[in-house]
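Results of the structural survey
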Amino acid sequence: MPTMAKKPPQKSALLQGTLDMLILRTLLHGPAHGHEITKHLLSATEQVLQVEHGSLYPALHRLERQGWIAGKWEMHKERKREFKYYRLTPAGKKQLLIEESQWKRLAKAIASVMWPATEG
């Protein structure tokens, strides 16, 4: 009897704006460069959210233009080369609160459709 090959994990498509919120939330813990942000998101989501550079860096640049994060080139202590470290700004902290609130409302609305309360 032939065995079926395992399918590779499916990449999750993020809703527009969700990546921005996840980046802001990641930077709440402290400064990080792009690769660290990607590794954190992958680890925190148990390998579900794989953010490609083609999505991450445009999002970082967009957040920087909006003033929600600030980037600064710094020398990495162990690698002896510069990396651009991103930090959450005060405006970014405020925006994160707004986006978290909107996300909670959206998740609640979706849950009410997916798992409606049973009528008694």
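Residues numbered from 1 in each chain as written. Predicted model: local features only at pLDDT ≥ 70, side-chain atom pairs only at ≥ 80, totals over all residues. Heavy atoms only, no water.

Focus: the overall build of the protein
Tallying secondary structure elements over the protein gives four helices and three strands in all. Each helix (α) and strand (β) of the protein, taken in turn from the N terminus, gives the series α-β-α-α-β-β-α. Here the protein holds 120 residues, and the buried ones make up 27% of them. Intrachain contacts of the protein at a sequence separation of at least 6 include 52% that bridge at least 24 residues. Surface accessibility of the protein: about 9300 Å² in total, with carbon and sulfur atoms responsible for 57%. (Helix = DSSP H or I, 4+ residues; strand = E, 2+ residues; numbered from the N terminus. Buried < 20%, exposed > 50% of the residue type's maximum accessible area, 1.4 Å probe, protein only. Contact = heavy atoms within 4.5 Å. Areas by Shrake-Rupley, 256 points an atom, 1.4 Å probe, with all protein chains shown as cover.)

As for helix 2 (residues 34-44)
Counting along an α-helix, one turn takes 3.6 residues, and residues three or four places apart therefore face a common direction. Every buried residue belonging to helix 2 is among Gly34, Ile37, Thr38 and Leu41, and all of these are buried. Down the axis of helix 2, the sector holding all buried residues measures 100 degrees, keeping them to one side. Projecting away from the buried face of helix 2 at angles above 90 degrees are the exposed residues Lys39, Ser43 and Ala44. Those residues of helix 2 that are buried lie in contact with helix 1 (18-27), strand 1 (32-33), helix 3 (53-65) and strand 3 (82-88). With its phi angle positive at about 55 degrees, Glu46 sits one or two positions after the end of helix 2. (Arc of directions from axis to C-beta.)

Re the pairing of strand 3
By the bridge criterion, two bridges tie strand 1 to strand 3 in an arrangement that is antiparallel. In the strand pairing of strand 3, His33 is matched with Tyr85. The pairing of strand 2 (residues 69-75) with strand 3 spans seven bridges and is classified as antiparallel. From the neighbouring strand, Lys72 faces strand 3, where its bridge partner is Tyr85. Here strand 2 folds back onto strand 3 in antiparallel fashion, the turn holding six residues, of which Lys80 has a positive phi close to 55 degrees. (Pairing = 2+ DSSP bridges.)

Description of the nonpolar core
Counting residues in each nonpolar core, the largest one holds 18 residues, and the members touching the most others are Ile23, Leu24, Leu27, Ile37, Leu60 and Ile69. Of all elements in the fold, only helix 1, helix 2, helix 3 and strand 3 reach the threshold of two or more residues within this core. A total of five residues in this core trace back to one element, the largest contributor, which is helix 1. Residues in contact with Leu24, not counting those within four places in the same chain, are Leu63, Trp68, Ile69, Leu88, Gly92, Gln95, Leu96 and Glu99. (Core = buried A, V, L, I, M, F, W, Y, C linked by side-chain atoms within 4.5 Å.)

Some remarks on the packing of aromatic side chains
Both the distance between ring centres and the angle between the ring planes are used here to describe each pair of aromatic rings. Taken as a whole and judged by the stated rule, the model has zero aromatic pairs. If you follow Arg81 out to its NZ or CZ, it ends over the ring of Phe83, 4.4 Å from the centre. (Phe/Tyr/Trp six-rings, centres within 6.5 Å; stacked < 30°, edge-to-face > 60°. Lys NZ or Arg CZ within 6 Å of the ring centre and 35° of its normal.)

Thoughts on the environment of Trp103
Here Trp103 is to be found in helix 4 (residues 90-114). Given a relative accessible area of 35%, Trp103 falls into the partly exposed group. Along the primary structure Trp103 and Thr18 are separated by 85 residues, whereas in three dimensions their C-alpha atoms are 8.3 Å apart.

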